Amino acid sequence: MSLAHDSRITVRPAALAQRPARIWPEINHPAAWIVAVILLIMPLIANGFFLIEIFASTLILGTMALSLMFLAGYGGMVSLMQLTIAGFSAYMVAVFGVSGNANISLGWPWWLAVPMALALATAFGTLGGALAVRTEGIYTIMITLAIGAAFYYFTNQNWAIFNGHTGINTVATPHFWGVNWRADIPFYYIVLAVAALCYFAVEYLSRAPFGLALQGVRDNPRRMAALGFNVNAHRVAAYAVASFIAALAGVLQVWNYRQISPGSVSVGACIDVLIIAVVGGITRPIGPFIGALIFVLLRTFALDFLVRIGLDGNRFRLLIGLGFLAIVFWSSDGVIGLWQRWRQRRGADRSGGGRRHG
């Protein structure tokens, strides 16, 4: 039986039931065009530091968190191994490609190393997902966290493949058509293109038969099984899609820093991806990118702020934690939830004022 089963049998969320079905997201909103134009002309208005360390890093982390949002928002599966999958992809780029560790790297050209890394990382994430779908709730979180922790300790202790705690340095980046694609402006546009493709792919899948069936599995797996859908197959397929998205982010990450080490796949970093997704909003694909921007800004500037007010700069994570607690306390759907509540309240005030005026 196919994953989508029968396109005539679809389960729609209540919010979509009253609207006509749409495959592609609405792009006629003025705010969407304004953001798109700003992102496209960003190299003209931002220097190299902001272009790469702020905006490119935001897009990369947002893409990682997008893979988590796809699983949690549409599949109801909270996975803490998405950064692990990205790190695995980054390691495979370094192992199969060219790096400063000639005794480890195989020296393949980037156009062979990258597809191999994506394929292996997607397979790795899918296998992990096949284990995770046999559990529910807190047990899913724990098994994915265990996979992430095991991978961290394995890379930290293995020297033959991963070069232990030192990691793999000076990873080669693409050069073709006479362009150094790791230069600030070309690399920014690569990151922007990948993030945009992943964003629209997730938007498309959320409205496609597979995505609607996945949301049905999230809401009522027993009913979907009674209708003839293979619940576990849908969940494993969702892990495969999310793993490929995370693997793409891992390739960009290793090109960005030109190195990969166990610290990049630590347990704390895995939890950071969850924080990014939750802070931005776990129900819409734009949420992870909003959360990533907030996280990157705090990570970059909170240290200087703490030093200026006489506190230890190493406590910058305290601000991140306080911001996370504040947003979760006031909104279960992160910044997006706060924005929607504000708009609804503003609309209600306008309607009330109009009735009083009449």
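Anything mentioned here points back to the structure above.
The text that follows walks through the structure, step by step, so that each part is easy to find.

Conventions we followed
Residues numbered from 1 in each chain as written. Predicted model: local features only at pLDDT ≥ 70, side-chain atom pairs only at ≥ 80, totals over all residues. Heavy atoms only, no water. Helix = DSSP H or I, 4+ residues; strand = E, 2+ residues; numbered from the N terminus. Buried < 20%, exposed > 50% of the residue type's maximum accessible area, 1.4 Å probe, protein only. Contact = heavy atoms within 4.5 Å. Areas by Shrake-Rupley, 256 points an atom, 1.4 Å probe, with all protein chains shown as cover. Phe/Tyr/Trp six-rings, centres within 6.5 Å; stacked < 30°, edge-to-face > 60°. Axes fitted to C-alpha atoms, helices over the stretch in contact; angles between N-to-C directions. Left-handed = near helix turned anticlockwise from the far one by under 90°. Nonpolar A, V, L, I, M, F, W, Y, C, P; charged D, E, K, R; others polar. Core = buried A, V, L, I, M, F, W, Y, C linked by side-chain atoms within 4.5 Å. Polar contact = N/O pair within 3.5 Å; in protein donor to acceptor, adjacent residues only side chain to side chain. Salt bridge = Lys/Arg side-chain N within 4 Å of Asp/Glu carboxyl O. Parallel < 35°, antiparallel > 145°, perpendicular 65-115°, else oblique.

Here we come to the overall build of the protein. When helices and strands are tallied, the protein shows 15 helices and two strands. Within the protein, buried positions represent 46% of all 358 residues. Sequence separation of at least 24 residues holds for 75% of the intrachain contacts in the protein that already meet a minimum separation of 6. Element-wise, carbon and sulfur atoms account for 66% of the exposed surface of the protein, whose accessible area totals about 18100 Å².

Bringing unusual backbone geometry into the picture now. Residues other than glycine seldom take positive phi values, yet Asn163 does so here, at roughly 60°. As for its placement among the helices and strands, Asn163 is situated in the loop between α7 (138-157) and β1 (175-176). The exposure class assigned to Asn163 is buried, which follows from its relative accessible area of 11%. Of note in the backbone geometry, Arg258 takes a positive phi value of approximately 60° without being a glycine.

Here the focus is the packing of aromatic side chains. Following the criterion strictly, the structure yields 20 aromatic pairs and no others. Judged by centre distance (5.6 Å) and plane angle (75°), the ring pair of Phe154 and Phe162 falls under edge-to-face. For Phe154, a relative accessible area of 43% translates into the label partly exposed. Exposure remark for Phe162: the relative accessible area of 4% places this residue in the buried category.

How two helices pack is summed up by the angle between their axes together with the distance between the axes. At a minimum axis separation of 10 Å, helix α9 (residues 209-219) and helix α11 (residues 231-257) run at an interaxial angle of 115°. In terms of crossing hand, the pair formed by α9 and α11 is left-handed. When α9 is examined against α11, the residues Phe210, Ala213, Leu214 and Val217 are found in contact with a partner set consisting of Val231, His234, Arg235, Ala237 and Ala238. Here the residues of the contact of α9 with α11 are counted per class, giving seven nonpolar, one polar and one charged.

A few words now on the nonpolar core. As a rule of thumb, nonpolar side chains are buried together in soluble globular proteins. Core analysis: the biggest nonpolar cluster contains 83 residues, and Phe70, Met92, Ile168 and Trp255 have the highest contact counts within it. Broken down by element, the residue count for this core peaks at 15 residues, all from helix α4 (residues 48-75). Excluding residues within four positions of it along the chain, Met92 makes contact with Gly97, Ala117, Leu120 and Phe162. Judged by nonpolar contacts, the second largest core, of five residues, contains Ala213, Val217, Met224 and Phe229.

With respect to the helices and strands, the residue Ser266 is situated in the loop between α11 and α12 (267-280). Note: C-alpha distance between Ser266 and Gly87 (179 residues apart in sequence) is 9.6 Å. A polar contact is formed between the side chain of Ser266 and the backbone oxygen of Gly263, at a distance of 3.4 Å.

In terms of burial, α9 is a largely internal element, eight of the eleven residues being buried. Considered for burial, the residues of α9 that qualify are Phe210, Gly211, Leu212, Ala213, Leu214, Gln215, Gly216 and Val217. Contacts from the buried residues of α9 go to α4, α8 (184-207), α10 (221-226) and α11.

Our next topic: the side chain of Ser266. Residue Ser266 is classed as buried on the basis of its relative accessible area of 19%. Contact partners of Ser266, with chain neighbours within four places excluded, come to Leu83 and Tyr152.

A few words on the pattern of salt bridges. Tallied over the entire structure, the rule returns three salt bridges. Residues Glu203 and Arg207 are paired through a salt bridge, measuring 2.5 Å at the closest nitrogen-oxygen approach. Residue Glu203 and its partner Arg207 are both found in helix α8; the two are separated by four residues, about one turn of the helix. Each member of the pair, Glu203 as well as Arg207, is classed as buried. Arg218 serves as the salt-bridge partner of Asp219, at 2.8 Å between the closest nitrogen and oxygen. Residue Asp219 is classed as partly exposed on the basis of its relative accessible area of 49%.

Here we take up the packing of α4 against helix α5 (residues 82-96). At a closest axis distance of 9 Å, the pairing of α4 and α5 adopts a crossing angle of 135°. In terms of orientation, α4 lies oblique with respect to α5. The handedness of the crossing between α4 and α5 is right-handed. Contacts from Met64, Ser67, Leu68 and Leu71 of α4 reach α5 at Gln82, Leu83 and Ala86. The residue makeup of the contact of α4 with α5, split by class, is five nonpolar, two polar and no charged.

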